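Below are the chains, spelled out letter by letter.
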Amino acid sequence: MNENIPLLSIRNLSTHFFVEEGVVKAVEDVSFDVAEGKTLAVVGESGCGKSVTALSVMGLVPESAGRVVDGQILFRGDDLLKKTESQMRRIRGNEIAMIFQEPMTSLNPVFTIGNQIVEAVKLHQGIKGEHAWSHAVEMLRKVGIADPARRVREYPHQMSGGMRQRVMIAMALCCWPSLLIADEPTTALDVTIQAQILELLRELQKQQNMSVMMITHDLGVAAENADDVAVVYASNIVETASVAAIFEEPLHPYTQGLLRSMPRLGQKMERLESIGGSVPNPLHFPQGCKFHPRCPIGVSDQRCRTQQPQLREVAPGRCAACFHAKGYGD
Amino acid sequence: MPAYIIRRLLYMIPIVFGVLLLTFLLFNVVGADQAVYRLAGNNPTPEILDDIRHELGYDKPLIFSIDSQFVTHVKKAVTFNFGKALDKEPIIDKLKNGVPYSLALTVPMFFGIVVTSVSLAILAAFYRGTWFDRIILLICVAGMSFPYLSYIIFGQYFIAYKYDLFQIYFSPQRSIWSNAALPILIGIVVGIGGNVRFYRTVMLDEINSGYIRTAFAKGLSTRVVLFKHLLKNAMIPIITNTVLTLPYLCLGSLLLESFFGIPGIGGITLDAIESRDFSVISTMTFIFSILFVIFNLISDVCYAFADPRISFD
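Residues numbered from 1 in each chain as written. Chains lettered and ligands numbered in written order. Predicted model: local features only at pLDDT ≥ 70, side-chain atom pairs only at ≥ 80, totals over all residues. Heavy atoms only, no water.

Points about helix α8 (residues 191–208) of chain A
Residues and elements named next belong to chain A. The end-to-end C-alpha separation of α8 is 26 Å, in line with the 26 Å expected for 18 residues at 1.5 Å each. Every buried residue belonging to α8 is among Q194, I197, L198, L200, L201, L204, Q205 and Q208, and all of these are buried. Projected down its long axis, α8 carries its buried residues within an arc of 160°, all on one side. Seen from the buried face of α8, the exposed residues on the opposite side, beyond 90 degrees, are V191, T192, K206 and Q207. Note on α8: the residue one or two positions beyond its end, N209, has a positive phi of about 50°. (Helix = DSSP H or I, 4+ residues; strand = E, 2+ residues; numbered from the N terminus. Expected span 1.5 Å × (residues − 1). Buried < 20%, exposed > 50% of the residue type's maximum accessible area, 1.4 Å probe, protein only. Arc of directions from axis to C-beta.)

Next up, the structure:
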């Protein structure tokens, strides 16, 4: 594989939902890359469009109201948006797999976990019968489930949340995908389990040499696991950079605000700082830069209030969408 | 599981006893003197009436005696020897003759209704909010709103008489299937309306679940996701709704059987009601309650097969 072509490259993606009250622009002109074997963390508040971006890549945007209206999703250079449904089915769960936030509800309660893993193996790998089952057992062992030969015949309700997320990971990785989309994989788990699951993901990522697109609202998770970070605010990407650069010197005022509102070890504080105001309603985004009403600079800046800054390269390997970011130019 | 089933079967004993007591009270104590009914219009002398009462056992004590009327009632029921109807035919023979006709009518109707309404409900839930969903809902509401009789009359007049596609009325020379085809069709059309609406709600509860999204993310086809993953999760309400309608299958359909002249249990029951043949009606009541208790048990057992989270131990 050519080193220079990223595994996944999203260009100007816009996904909208058409509801009675109007058009919800859940994803607006979003572009980012996921490099081969690397982890990209997509960071943002709830409702900012992170999950819809992931579902757009999978081609699973709820058909009843939502639609990808513009852009390209290039996977190994092929535009996924141009693929037919049956072509997408061969990619889903096979080359691109996804794990979800809620391990409690993401597994089907009425089938054994073995059955659910084998289903994917049979579908994509053409492995049949006993071989598929032994592969399922092998995957369960890989994700650290004790006594997998017995567990494989159990139902999801017989397992704890952490184990179910391990099963989800086993299911996602059973066809050796080259890209794993993890949508807040640890949000529903308690902190110790969270660390174990992330550790497991890192390990498996190394073993299987896959890329991970990790969606999270937790900057700590991003800092520990990602190589690159894309910060999303109100359906737009506001900043992309390597994880070191973003924590070292955040350029966008929103990223700066996020970092300031994180508790720091060894620093005594009465209360945490927060970003004033609240996330705008996606039905009525503010004019100009969507962050300006909450931004210390933008709230009084004429240009921020009227023009929307585009994401632009501000330094080698990092982009920002703010008129006042260092290196943005005019 | 076996222990549970045995326990439930034992529970049946008091229930059946209660049913027998109630039917007995209803028909022998609260109801009118049957001897008078049987001879209405014949100007019987009191002696003749007494003879009939003796013949029918009505001169015996009601409950508290070894050969009381109630004991005879219970004996008849547990030995399935229900005595004779007004026309002197043993009731059990009447049932034996009628059941095949009723089943030929109701069993295909039952499967037709379940399969069509579950499939339509799944599709309507999947395509919720689209024109397909709306048209299905419109047809359902219309189907529920028209009176049953209008379908029968429409079917008999247009489909059977004008276009000659089906039999208008039962005729013993033809096969039961050609006789039952039109009533089966009407039964299905009338039956799916409410069912589709109910199942659609059930499916909508499930279709937004995480496991459906996971199934799609695995790359499964829509057909497999809907008819494997979704359907199995929706089985509990489907079982509840369908298994308890099974006892009605044996009783036949009163309206369809009488309008199409099918000599099934439904027709026999209607005849018995018209001629005030209490022994037949009481037998039907008894059999229905037994069937109801049995199918209740069956549906509970089915739950355990449908959902691994349900266990009886």
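And the narrative resumes.
What to know about the packing of helix α8 (residues 176–207) of chain B against helix α10 (residues 222–233) of chain B
Residues and elements named next belong to chain B. Running from amino to carboxyl end, α8 crosses α10 at an angle of 105°, the nearest separation of the two axes being 9 Å. Taken together, α8 and α10 sit at an angle that is classed as roughly perpendicular. Of the residues in α10, those in contact with M203, E206 and I207 of α8 are L226, L230, L231 and N233. A per-class count over the contact of α8 with α10 returns 5 nonpolar, 1 polar and 1 charged. (Axes fitted to C-alpha atoms, helices over the stretch in contact; angles between N-to-C directions. Parallel < 35°, antiparallel > 145°, perpendicular 65-115°, else oblique. Contact = heavy atoms within 4.5 Å. Nonpolar A, V, L, I, M, F, W, Y, C, P; charged D, E, K, R; others polar.)

Things to note about the sheet that holds strand β8 (residues 211–216) of chain A
Residues and elements named next belong to chain A. In space, the 8 strands of this open sheet follow the order β6-β7-β8-β3-β9-β10-β12-β11, with mixed pairing throughout. Both edges of this open sheet fall to β6 (96–99) and β11 (312–315), since each of them pairs with a single strand only. With strand direction ignored, the average angle separating the axes of adjacent strands in the sheet is 25°. Relative to strand β7 (residues 179–183), β6 is paired through 4 bridges, and the arrangement is parallel. Pairing of M98 across the sheet is with I181, part of β7. Sheet contacts for helix α1 (residues 50–58): β3 (39–43), β6, β7 and β8; angle to β8, the most-contacted strand, approximately 145°. (Pairing = 2+ DSSP bridges.)

A short note on the domain arrangement of chain B
Residue and element names in this part refer to chain B. Domain annotation for chain B reports domain 1 (2–79) and domain 2 (98–306). One C-alpha centre belongs to domain 1, the other to domain 2; they are set 35 Å apart. With 16 residues of domain 1 at the contact, the number on the domain 2 side is 15 residues. Of the roughly 1,400 Å² buried between domain 1 and domain 2 on both sides combined, carbon and sulfur atoms contribute 79%. Two residues, D300 and R8, come together in a salt bridge whose shortest N-O distance is 2.4 Å. Linking domain 1 with domain 2 are 1 residue pair in polar contact (both at pLDDT 80 or more). Taken together, the elements giving at least two residues each to the side of domain 1 that touches domain 2 come down to α1 (2–30), α2 (34–38) and α4 (69–78). If one sorts the elements of the side of domain 1 that touches domain 2 by residue count, α1 sits on top with 11 residues. Counted by class, the side of domain 1 that touches domain 2 contains 11 nonpolar, 3 polar and 2 charged residues. (Domains from an automatic or database assignment. Buried area = accessible area lost by both parts, 1.4 Å probe. Salt bridge = Lys/Arg side-chain N within 4 Å of Asp/Glu carboxyl O. Polar contact = N/O pair within 3.5 Å; in protein donor to acceptor, adjacent residues only side chain to side chain.)

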